[in-house]
Amino acid sequence: MWKSVIYKEWLKVRWFLIGFTALGIFGVGYIFLKVQHDFAFMEAKNYWYNSLFKGLQYFGYLKFLPLAGALAIGVAQYFPETINKRIKLTFHLPLKENKVLMMMHTFGTCSLLAAYLLIFAVFFGFSKIFFASEMVNGAVISVFPWFLAGLTSYFIIALVVLEPIWKYRIFYSLIGGFFVTIYLKSAVTAGYGPANPILFVLTACLSIALIFSAYRFRKGEM
Amino acid sequence: MSNVIECNNLTHYYGKKMVYENLNIHVREGSILGLLGKNGAGKTTTINILNGFLQPRSGECLIYGENSQHLSPATKARIGFLIEGHIQYSFMNIHQVEKFYSGFYPNWKPAPYWELMSKLKVAPNQKISTMSCGQRSQVALGLILAQDPDLLILDDFSMGLDPGYRRLFIDYLREYAKSESKTIFTTSHIIQDMERLIDDVLIMDYNRVLAQCPVNEFMSTFKQFLFEAEKDLSDLKKEKFVVNLEKVKNKIELYTYESEDFVKNFLDEKGIAYKNFTQVKMGLEDAFIGLTGKY
């Protein structure tokens, strides 16, 4: 059954997932082309100085990338289920309703994490080439909440898209949008260090939010 | 014979609008029951409650003895469900959708699916979203046949189908249900289709059940009499034996479960002059309109 669920979800998200991952890798490539360019024109020591003491964040372009991926994959995965209330087909499969939903959700989360991991690995690898370990560690701490913001957005998109009533969708979107901005505040490099564990827990708590929308759908809210 | 579906004292409201109160339905094992009703009478509401997509205000529906709000996976595997409009995963093609569903049902029988698909003139990679309504109906039906469920719940299977596809759908379905002793609970807004398909009929009007019995029994006991009378007979509607009465000029259509002799005796006793008294042979659609009224 896992195989069938994965197959269906893959058919829905594959092009979005591949497209996002490619876009992410190109984005990271662009960041380091620019770093290389700036190294050449202002010398590495000046670039490092600006990074360490003037607040220059070479990784700033990454900020909204995970969010874009979450939006693409979340909508690609859940929107088709709501057209003509097609989610009824999913709930009618010979599985517990919450189980099949969480199987779909696990697939989506793992897909998104896989894309993030690949993008992050490329980012981390290039960072190690151009910067000292201490600077790379700071960058990692800074980009971590951005990736968490992506995951959180994915969970909120699932909650919003599966919600059967439009006014609640708008309400959840507003609250969710506000919530995600907590992860994306401007901060000095590594400034989010103390907050990251709390943000991680908040993200984990939101991971099952879609069950509430699915429950409302099955109750017959319209 | 045991009941596959039993709805007891089902009551539902949308806000303050009552759909029905204390509705009781039962579907015998191996029978084909057609739920008929005007738009808004509660057909889709009933289907949604049966499939666990709507929680009734009170009462319960049992399917194979389990509450429809909490069906076990094993029971769900015994139920084939056709959503109104033959909805399927439209981003898949016919091969992908067959591959997807086959993973859920150990008794999956692909032969009837592919037999139906061979009748469709679709490209192997054509997405379901680009198919006609008729083609989609065959995909949905084929998937249900391949699932080989014991109970089929079909919500308005004739919606959007041309006469050819409707006939194909019905003939396949009836043949399958009778040869394999399947139980079917179905709705359709095209009542001629039901006549070819169903064994039992359940006719609902707003808030109540008007008839629930074998369709042959209904058609033999429910009658339409046509006669001409000059007198105003609107008071006749109040008589217990009169189910419905329609008047066009001096022509009276009287619907009742009573016999011709009973009606004639009644008219004679009341001193109502009439002429050209005849019993009209009705189809299921005529009987449905006779029972529920034209509007």
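Note that the structure is a prediction, hence the values are computed from the model and not measured.

Novice: I'd like to hear about the sheet that holds strand β2 (residues 17–28) of chain B, residue by residue, with values.
Specialist: Residue and element names in this part refer to chain B. Taking strand neighbours across the sheet as the criterion, the four strands line up as β2-β1-β4-β5 in an open arrangement whose pairing is antiparallel. Each end of this open sheet is capped by a strand with a single partner; those strands are β2 and β5 (66–67). Inspection of the sheet shows strand β1 (residues 3–14) paired to β2 by eight bridges, in the antiparallel sense. Within the sheet, the bridge partner assigned to Tyr13 lies in β2 and is Met18.

Novice: Which residues make up the interface of chain B and chain A, and what values go with them?
Specialist: Residue-level contacts link 29 residues of chain B with 27 residues of chain A. For the pairing of chain B and chain A, the buried interface totals around 2800 Å² over both sides, and the portion due to carbon and sulfur atoms is 64%. Considering only the side of chain B, the residues that lose the most area to chain A are Phe53(B), Lys76(B) and Phe104(B), jointly responsible for 26% of the buried surface there. One can count one salt bridge joining chain B with chain A. Across the pair Glu97(A) and Lys76(B) runs a salt bridge whose closest N-O atoms are separated by 3.3 Å. Linking chain B to chain A there are twelve residue pairs in polar contact (both at pLDDT 80 or more). Looking at the side of chain B that touches chain A element by element, the count peaks at four residues for helix α3 (residues 94–102) of chain B.

Novice: Before we move on, could you go through the confidence of the model for chain B and cite the residues and values that matter?
Specialist: Confidence along chain B averages 88 in pLDDT terms, with 99% of residues attaining 70 or more. Both scores are available for the predicted complex, with the pTM at 0.87 and the ipTM at 0.87.

Novice: Residue-level account of the sheet that holds strand β12 (residues 242–248) of chain B, with values.
Specialist: Residue and element names in this part refer to chain B. Reading across from one edge, β12-β13-β11-β14 is the order of the four strands in this open sheet, with antiparallel pairing throughout. The open sheet is flanked by β12 and β14 (275–280), the only strands paired with a single partner. The mean angle between the axes of side-by-side strands here comes to 20°, regardless of whether they run parallel or antiparallel. When strand β11 (residues 223–228) meets β14, the two strands line up antiparallel, connected through four bridges. When the bridges of β14 are listed, Gln224 appears paired with Val280.

Novice: Requested: an account of the packing of aromatic side chains, with residues and values cited.
Specialist: Residue and element names in this part refer to chain A. Under the defined criterion, the tally for this structure stands at 45 aromatic pairs over all chains. When the centroid spacing of 5.3 Å and the interplanar angle of 25° are considered together, the rings of Phe32 and Phe126 count as stacked. Taken together, the residues Phe32 in helix α1 (residues 2–42) and Phe126 in helix α5 (residues 97–130) connect sequence positions 94 residues apart. Here Phe126 falls in the partly exposed class, since its relative accessible area comes to 34%. Judged by centre distance (5.9 Å) and plane angle (85°), the rings of Phe39 and Phe131 are edge-to-face. With Phe39 in helix α1 and Phe131 in the loop between α5 and α6 (133–162), this pair connects stretches of sequence that are 92 residues apart. A residue is classified by how much of its surface remains accessible, and Phe39, at 17% relative accessible area, is buried. The positively charged end of Arg169 is found above the aromatic ring belonging to Trp166, 4.6 Å away from the centroid.

Novice: Hey, could you go over a nonpolar patch on the surface for me, with residue numbers and the actual values?
Specialist: On the surface, a cluster of nonpolar side chains totalling about 650 Å² of accessible area is made up of Trp2(A), Ile6(A), Trp10(A), Trp15(A), Phe16(A) and Ile18(A). Along the chain, Trp10(A) falls in helix α1.

Novice: Please give an account of empty space enclosed by the protein that cites residues and values.
Specialist: Within this structure, the stated rule accounts for two cavities of 30 Å³ or more. Lining the largest cavity are 15 residues, and of these Leu89(A), Phe81(B), Gln88(B), Tyr101(B) and Gln147(B) lie nearest its centre. Elements that contribute at least two residues to the lining of the largest cavity include exactly α4 (87–92) of chain A together with β6 (79–82) and α5 (133–147) of chain B. In terms of residue count, α5(B) provides more of the lining of the largest cavity than any other element does, four residues in total. Here the second largest cavity defines a volume of roughly 90 Å³. Every residue lining the second largest cavity is listed: Lys85(A), Lys88(A), Phe217(A), Gly220(A), Glu221(A), Met222(A), Asn48(B), Phe53(B) and Leu54(B). Of the residues belonging to the lining of the second largest cavity, the class tally is four nonpolar, two polar and three charged.

Novice: Provide a residue-level description of the environment of Met1(A), including the pertinent values.
Specialist: You can see Met1(A) is positioned in the segment before α1. According to the relative accessible area criterion, Met1(A) is partly exposed, its value standing at 40%. Through-space distance from the C-alpha of Met1(A) to that of Tyr215(A) is 22 Å; in sequence the pair is 214 residues apart. Apart from residues lying up to four places away in sequence, Met1(A) is in contact with Pro94(A), Leu95(A), Met103(A), Gly103(B) and Phe104(B).

Novice: Can you lay out the side chain of Glu253(B) for me, pointing to particular residues and giving the numbers?
Specialist: Residues and elements named next belong to chain B. Locating Glu253 in the fold gives a position in strand β13 (residues 251–256). For Glu253, a relative accessible area of 18% gives the class buried. Reaching out from Glu253, the side chain makes a polar contact with the side chain of Tyr255 at a distance of 3.0 Å.

Novice: Please set out the packing of α5(A) against α6(A) residue by residue, giving values where relevant.
Specialist: The description of two packed helices rests on the angle between their axes and on the distance between the axes. Residue and element names in this part refer to chain A. Interaxial distance between α5 and α6 falls to 11 Å at its minimum, and their mutual angle equals 160°. By the angle class used here, α5 and α6 are roughly antiparallel. For the pair α5 and α6, the crossing hand works out as right-handed.

Novice: Any chance you could break down the state of the cysteines for me, citing the residues and the numbers?
Specialist: Here a disulfide denotes a covalent bond joining the sulfur atom of one cysteine to the sulfur atom of another. Residue and element names in this part refer to chain B. On inspection of all chains with the given rule, the structure shows one disulfide over all chains. The disulfide that involves Cys7 links it to Cys61, with 2.2 Å between the sulfurs. Sign of the S-S torsion, about 105° for the bond between Cys7 and Cys61, identifies this disulfide as right-handed. With Cys7 in strand β1 and Cys61 in strand β4 (residues 58–63), this residue pair connects regions lying 54 residues apart in the sequence.

Novice: Give a description of the pattern of salt bridges that names residues and reports values.
Specialist: All names here are of chain B. The tally for this structure, following the rule as stated, stands at 20 salt bridges over all chains. With a closest N to O distance of 3.4 Å, Asp199 and Arg174 form a salt bridge. On the criterion of sequence distance, the pair formed by Asp199 in the loop between α7 (191–197) and β9 (200–205) and Arg174 in helix α6 (residues 163–180) is long-range, its members being 25 residues apart. A salt bridge links Lys178 to Asp199, with the shortest nitrogen-to-oxygen separation between them at 2.6 Å. Taken together, the residues Lys178 in helix α6 and Asp199 in the loop between α7 and β9 connect sequence positions 21 residues apart. A cluster of three or more residues bridged by salt bridges with shared partners is formed by Arg78, Lys109, Asp148, Asp150 and Lys182.

What counts and how
Residues numbered from 1 in each chain as written. Chains lettered and ligands numbered in written order. Predicted model: local features only at pLDDT ≥ 70, side-chain atom pairs only at ≥ 80, totals over all residues. Heavy atoms only, no water. Pairing = 2+ DSSP bridges. Helix = DSSP H or I, 4+ residues; strand = E, 2+ residues; numbered from the N terminus. Contact = heavy atoms within 4.5 Å. Buried area = accessible area lost by both parts, 1.4 Å probe. Salt bridge = Lys/Arg side-chain N within 4 Å of Asp/Glu carboxyl O. Polar contact = N/O pair within 3.5 Å; in protein donor to acceptor, adjacent residues only side chain to side chain. pLDDT = per-residue confidence, 0-100. Axes fitted to C-alpha atoms, helices over the stretch in contact; angles between N-to-C directions. Phe/Tyr/Trp six-rings, centres within 6.5 Å; stacked < 30°, edge-to-face > 60°. Buried < 20%, exposed > 50% of the residue type's maximum accessible area, 1.4 Å probe, protein only. Lys NZ or Arg CZ within 6 Å of the ring centre and 35° of its normal. Patch = residues over 30% accessible without salt bridge, like charges linked within 9 Å, V, L, I, M, F, W, Y side chains within 5 Å. Areas by Shrake-Rupley, 256 points an atom, 1.4 Å probe, with all protein chains shown as cover. 1 Å grid on protein atoms, 1.4 Å probe; cavity = no way out; pocket = protein on both sides within 12 Å on 5 of 7 lines; lining within 4 Å. Points joined across faces, edges and corners; volume = space filled by probe spheres on them. Nonpolar A, V, L, I, M, F, W, Y, C, P; charged D, E, K, R; others polar. Parallel < 35°, antiparallel > 145°, perpendicular 65-115°, else oblique. Left-handed = near helix turned anticlockwise from the far one by under 90°. Disulfide = S-S within 2.5 Å.

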